[in-house]
Amino acid sequence: MSMTVTWTGHSGSRYRFDVFPVGTPFNPISGVYIFCRQIASGSWEALYVGETQSLEQRLNTGIGSHQGYARAARFGMTHIAAIAVAGDAESLRIETDLRYGLNPSANAQNALGGFANEQ
């Protein structure tokens, strides 16, 4: 049984994500992902929001070069939330809405030595 989390964007739109442990293999489909952690109360904190044309390439084979992943790990990331999204424009729209709505710490400019919105 997979966990789900609903995240709310800046626009007020709500997006339902499946949540997976770090290291879960993903399929090569486009989508939006959130590096996150579960906090003591049981709720979830978004640490980094991104979008990609291939969840598999970005979150599995290419994860070693993902600077947002490294920053989120330093902030205590425990899980990856993901949603499949068809189309680059729609993925970017959802990623932007969530990034502005959630204000994740690992996306912040110069967060622990990085730059905002590295994809």
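This text goes with the structure placed above it.
Residues numbered from 1 in each chain as written. Predicted model: local features only at pLDDT ≥ 70, side-chain atom pairs only at ≥ 80, totals over all residues. Heavy atoms only, no water.

Peer 1: Just checking my understanding: could you explain the sheet that holds strand 3 (residues 31-38) for this structure?
Peer 2: Hydrogen bonding along the main chain pairs the strands of a sheet, whether they run parallel or antiparallel. In space, the five strands of this open sheet follow the order 1-2-5-3-4, with antiparallel pairing throughout. The outermost strands of the open sheet, each flanked by one partner alone, are strand 1 (3-8) and strand 4 (44-52). For this sheet, the mean angle separating the axes of adjacent strands, direction not counted, is 35°. Sheet topology note: the strand 2 (residues 14-21)/strand 5 (residues 79-84) ladder contains four bridges and is antiparallel. Residue pairing for strand 5: Val19 is matched across the bridge by Ala81. The strands touched by helix 2 (residues 67-74) are strand 3 and strand 4; relative to strand 4, the strand with the most contacts, the crossing angle is about 175°. Of the strands in this sheet, strand 1, strand 2, strand 3 and strand 4 touch helix 3 (residues 88-102), which is tilted by about 155° from strand 4. (Pairing = 2+ DSSP bridges. Helix = DSSP H or I, 4+ residues; strand = E, 2+ residues; numbered from the N terminus. Axes fitted to C-alpha atoms, helices over the stretch in contact; angles between N-to-C directions. Contact = heavy atoms within 4.5 Å.)

Peer 1: When you look at the nonpolar core in this model, what are you seeing that I'm missing?
Peer 2: A general feature of soluble globular proteins is that nonpolar side chains tend to end up buried together. Judged by nonpolar contacts, the single largest core of 16 residues is most densely connected at Trp7, Phe17, Val32, Ile34, Ala81 and Leu98. Mapped by element, the contributors of at least two residues to this core are strand 1, strand 2, strand 3, strand 4, strand 5 and helix 3. Setting aside chain neighbours within four positions, we find Ala81 in contact with Trp7, Phe17, Asp18, Val19, Val32, Tyr33, Ile34 and Cys36. Listed in part, the 13 residues of the second largest apolar core include Phe26, Ile63, Ile80 and Ala82. (Core = buried A, V, L, I, M, F, W, Y, C linked by side-chain atoms within 4.5 Å. Buried < 20%, exposed > 50% of the residue type's maximum accessible area, 1.4 Å probe, protein only.)

Peer 1: Please clarify how the side chain of Ser91 should be interpreted in this entry.
Peer 2: The residue Ser91 is located in helix 3 in this model. Overall, Ser91 belongs to the buried group, its relative accessible area being 1%. Setting aside residues no more than four positions away along its own chain, Ser91 makes contact with Gly31, Val32, Glu51 and Val85.

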